[in-house]
Amino acid sequence: MNTLRRTTLSLAAAQVAMMWTGLAWAQASSDKAEKVETVVVTGQRAALQSAQKIKQDAEEVVDSIVAEDIGKLPDRSVTEVLQRVVGVTMDRTAARDDPVHYSVEGSGVIIRGLTYVSSQLNGRETFSANKGRGLGFEDVPPELMSRVDVYKNPSAEQTEGAIAGLVDLRTALPFDYQGFKGAISMSGTYSDLQGKFKPEVSALLANSWDTDIGRFGVLLDVAHSEGTSRTDTITVDPYYPETTAANGLNLPTGRWFPRDLSWRRQEYDRTRDGAYAALQWKKDSMESSLTYFHSRYKFDMREWAVKAEVDPYTILIDNATWDDEGRMVKGTLRSNADGIEVENNTRYSSRTSQSDDWSWNFRWKPNAEWTLTSDVQYVTSKTHALDSNVATGVLMPKQTIDLTGSIPKASFDAADTTFLDNRDNYYWATTMEHLDKGEATQKAWKGDVRYQFQDNPYLTDIRFGVRLADRDALTQNSNPSYNWAAVTKAWERYWYVTDLAWVRNYSEATQYNPFSNFMGGGNSVAGMYFPDASVVNGFPASYVSLHDHVKPLCDGWADGSHCGWMGTNANPYTWAPGKLGDPIGTNDQRERTTAAYSQLRFAFDELPMPIDGNVGVRVVRTENQANGYTTLTAAAVPGGASGVPVPVFTSFAAAEKFENSFTNVLPSLNLRMKASNNLQFRVAAAKAISRPELNQMQAYLEMKQNVEIDNTDPNNPVVKSVTYSGTAQGNPLLKPVRSTQEDVTAEWYFAKSGSLTMAVFNKDLKDIIVNQTYARSVEAEDGTPYNFVITAPVNGAKGHARGVEIAYQQYFDGLPDFLQGLGLQANYTYVDSKMKRYNAVYSPYCSAGAGADNLNLFINGCDTDGRSFGDTPLPNLSRNTFNLAVLYDKGPFSARVAYSWREKYLQGVALNSDNTGPNQQNGLDTNPDSPNYGKHSLPLGLPLWGDDYGQVDAGVQYRFNDNLTFSLEGRNLTNAMYKQLMQQHIGTFGHNYFTSGRSYTASVRYAF
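What this report covers is the structure whose coordinates are included nearby. Treat the numbers as computed from the prediction; the structure is a model and nothing was measured. (Residues numbered from 1 in each chain as written. Predicted model: local features only at pLDDT ≥ 70, side-chain atom pairs only at ≥ 80, totals over all residues. Heavy atoms only, no water.)

What to know about the state of the cysteines
Spelled out, the test is: Here, two cysteine sulfur atoms that lie within 2.5 Å of each other are counted as a disulfide. Accessibility here uses a 1.4 Å probe with only protein chains present; expressed as a share of the type maximum, an area under 20% marks a residue as buried, one over 50% as exposed, and anything in between as partly exposed. By the criteria applied, helices consist of DSSP H or I runs no shorter than four residues and strands consist of E runs no shorter than two, each listed in order from the N terminus.
With the rule as written, the count across this model stands at 2 disulfides. Two residues share a disulfide in this structure: C554 and C563, whose sulfurs sit 1.9 Å from each other. As the torsion about the S-S bond is roughly 90°, the C554-C563 disulfide counts as right-handed. A residue is classified by how much of its surface remains accessible, and C554, at 0% relative accessible area, is buried. The side chain of C846 participates in a disulfide bridge whose partner is C862; the two sulfur atoms lie 2.2 Å from each other. Between C846 and C862, the S-S dihedral sits near 120°, and the bridge is therefore right-handed. Of this pair, C846 sits in the loop between β38 (822-837) and α8 (855-860) while C862 sits in the loop between α8 and β39 (880-890), placing them 16 residues apart in sequence.

Following this line, the structure appears as structure tokens:
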């Protein structure tokens, strides 16, 4: 809190300075009043003026971005647009729990360091089926947007759910134009690393007519956009402690080595279609609009990934160079087994998502005092996806790595290259598939009443209203969700399969990927043989064929079949493809919300410094119903066992319905004081909520009674202990995260497109949702209750996010003639955050097991030497971010060079999509009190960080006349590399290095 007090004092001092400077500016402006000329501005400068006017006149703390022209927001995606707003940062990976895949256009936003972002379309709540409560901003065609508003502290009349901020996407209505208006835009984008060109086209028609029964308007807007990108990635695996054998134990020597260098290529194609239609009518005191918004998003991702699967403790190191910390920085890696086992994965992933929004608004103003509004909305969203991954394997002879430069490098001698170029050295290794689909609908009605006070010197109006909404959501994931299964692996030879499934022995096709022009020529790696597209896209038939190949290999032993020696996913007789419809993968949710609000607007205009604002309260009741499944598995106890008594339970598996409800009272206050026409200050305070994500409320619970039996004497088994545990996919009884938040701002608007604004904000959070344990009581057959310890999401923490935002923009009209039109736009955000669990979880050493019940692993992480990391910051939060743009607008010419930068941030701990997570269970147990001391048996859970990243984008535009405009844009012009870091006790090092190259867009727009 001391930091906030110091920041508040700093802001107060800055406010005094701004007031003084404002007086000086006003004096200077008065002295030069005779020289003022009327200038008509268009395009970029006009958009900045409009956005500034919205911010200045708003009753709440809001920032806006306005389209420069019809269908022309300043960036290629809504996510990229939002990152230009002060306080907003963009996710650059495909998903927050998937750090391996880079997203050129971004996948989500964080506001003021928090992910509790609410999304709206034209002031109405909206969502995407695969995004839970929020909207996938990448799904939305930016060409259909007229502006984007970001509310930082909403008022009582706005729909609840926005702790971090509310993003409202706004489209145009027919009456926004005077009579007939038409526009068409065509553009093409070239990705230099991908070497491909993709088109985009959008068109708008609008018209309005005056008739005897009122004024009518029609607007049609359509957009089609295709995009393509390629990302090349090189990866350094975690550093493992070098060990030496002593007394049957593996003891660390003090030196550390990575087990390999791996690489991948990802090609991404997306198609985004949108359509928007609006009908508008107005006559006398009545006005109505009917709108339809459609968006459809489809992506196809192809990936070729080389990943080591070798046991790190079979690695031998030749010609190594070690730094002063004992870390290997150069050397040759080989294995004391048959070679370094490497998987060559071909992955094809596709998703199609569609959202449709029908809305009808009617407004009636029967007299000067009263205004009545009715708003009806119906939203549907659906999605489906298939993710298929098949891998070949090869026993790589050796790999020479060099980590001394800015980019890690791997090299291979002639013998290695000859070996890897020989298809006969490859075998079928693994398969993995994932399917999901989802559907969601929402019906909402909102009724508002406004009473305007007449001739009251202080009260402006009072507003009150209600909102009723019903949402149904059904999401299905295949079970197992990501169904990894071995075909043949090197470690299975000599005991499970008689030989590997060499590709040369079967008809399934392979393809050679040379990885040409890797990272744009900045690096080179070895080519490999991968599964052909026909195999990957042939699911499920191709998967069945591959696993059938294993049957004679595990059956063909002299002592009989060994196929049953392995688990389900390695036994070709029990393996089955993942499927939809299993209860464990089904999340069926229903939610009803009932909200009522009242808000009073006031204005004390006669004060020396006028004050206006609003005060209100919103009361909302939420009722949830989750349909799911609960199972209990009773322990099997040998007959005649002695020792600890074992209560008798009856195993069951039954459908179960959970109901949950909560009521929240959310007061809000927004005050604005006008020190002058150009200088104003705000104070805002509110309570806010963010409901649990729908996937966090899935109602599937597995409970188990576990017994530990001592079989030293097989004839007299002894029960040593009885435990009761469980794991839940979600928690249908979760409550919302709650926030008490305050904003203080100072805003100086010294020109129509010139301003300097500052804000201090504080958000105190309660009931943050974290994974924790809780007890569920279940009665045994004799009626005695026993507590099963369940691992699930709970409202288990509190915290805060507080900081400062500063934004500045100005056109320097006083410069010499050839520089007139030059402008600057800049903003900076500082955020500090902290989270404290109600029940702390920490152990200095890791424990075995990669299940959700290993809380220490997923909260505090686990290094390769078995030590936990302890306190980590809130994920996805950069303390410092800034944007800087140099602008130019003069006559028909307009230009912008923009730079966006965010500081290092934690992406997550123990993320399972990467070799830094618990899919690796080869960490060294160094806990001297552990019975497994000196063994390689622990899961990994390294904290993974996104490194500092900045990107330069630029664009120029030339308006030939009032109708025709041509523009050129470039993205990532400096070819910046995005890097992820892995945190270990010996330091923080580069892990993933992503290169996506530059892209260029040429556009022509014609308005009529």
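Thoughts on helix α6 (residues 541-548)
Just so we agree on the cut-off: Arc, as used here, means the arc of the directions from the helix axis to the C-beta atoms. The contact criterion used throughout is that any non-hydrogen atoms of two residues lie within 4.5 Å.
Every buried residue of α6 is accounted for by S542, Y543, L546 and H547. All buried residues of α6 fall inside an arc of 130° around its axis, so they share one side. Its buried side turned inward, α6 meets β20 (370-396), β23 (426-452), β25 (485-486), α5 (533-536) and α7 (551-555).

A closer look at the sheet that holds strand β7 (residues 124-125)
We count it as follows: By the convention used here, strands pair only if DSSP detects at least 2 bridges between them.
Pairing is mixed across the open sheet formed by 5 strands, whose spatial order is β1-β8-β9-β6-β7. Taken across any chain shown, the strands that pair with only one partner, and hence form the sheet edges, are β1 (62-66) and β7. Sheet topology places strand β8 (residues 147-151) next to strand β9 (residues 165-170); 5 bridges connect them, and they run antiparallel. Residue pairing across strands places V150 opposite V167, the latter belonging to β9.

So, helix α2 (residues 43-57)
Our working definition: Here the expected span of a helix is defined as 1.5 Å times the quantity of residues minus one.
Between the first and last C-alpha of α2 there are 21 Å, a value that for 15 residues agrees with the 21 Å anticipated at 1.5 Å per step. Residues G43, Q44, R45, A47, L48, Q49, A51, Q52, K55 and Q56 constitute the buried set of α2.

Let's talk about the sheet that holds strand β21 (residues 399-402)
So the rule is basically this: All axes are obtained by fitting lines to C-alpha atoms, using only the stretch in contact for helices, and the reported angles, taken between N-to-C directions, cover 0 to 180 degrees.
The strand order β17-β18-β21-β22 describes an open sheet built from 4 strands, whose pairing is antiparallel. Lying at the two open borders of the sheet, with one neighbouring strand each, are β17 (315-322) and β22 (409-411). Looking at each pair of strands side by side, their axes are set apart by 20° on average, direction ignored.

Observations concerning the pairing of strand β31 (residues 652-674)
Two strands pair when backbone bridges link them, and strand β29 (residues 611-633) and β31 are joined in this way by 22 bridges, in the antiparallel orientation. If you follow D612 over to β31, its bridge partner there is R672. Here β31 pairs with strand β32 (residues 679-690) via 7 bridges, running antiparallel. Across the sheet, the residue bridging to L669 is A685, located in β32. With antiparallel pairing between neighbouring strands as the criterion, β31 and β32 make up a hairpin whose turn holds 4 residues.

Taken by themselves, the reported measurements are silent on function.
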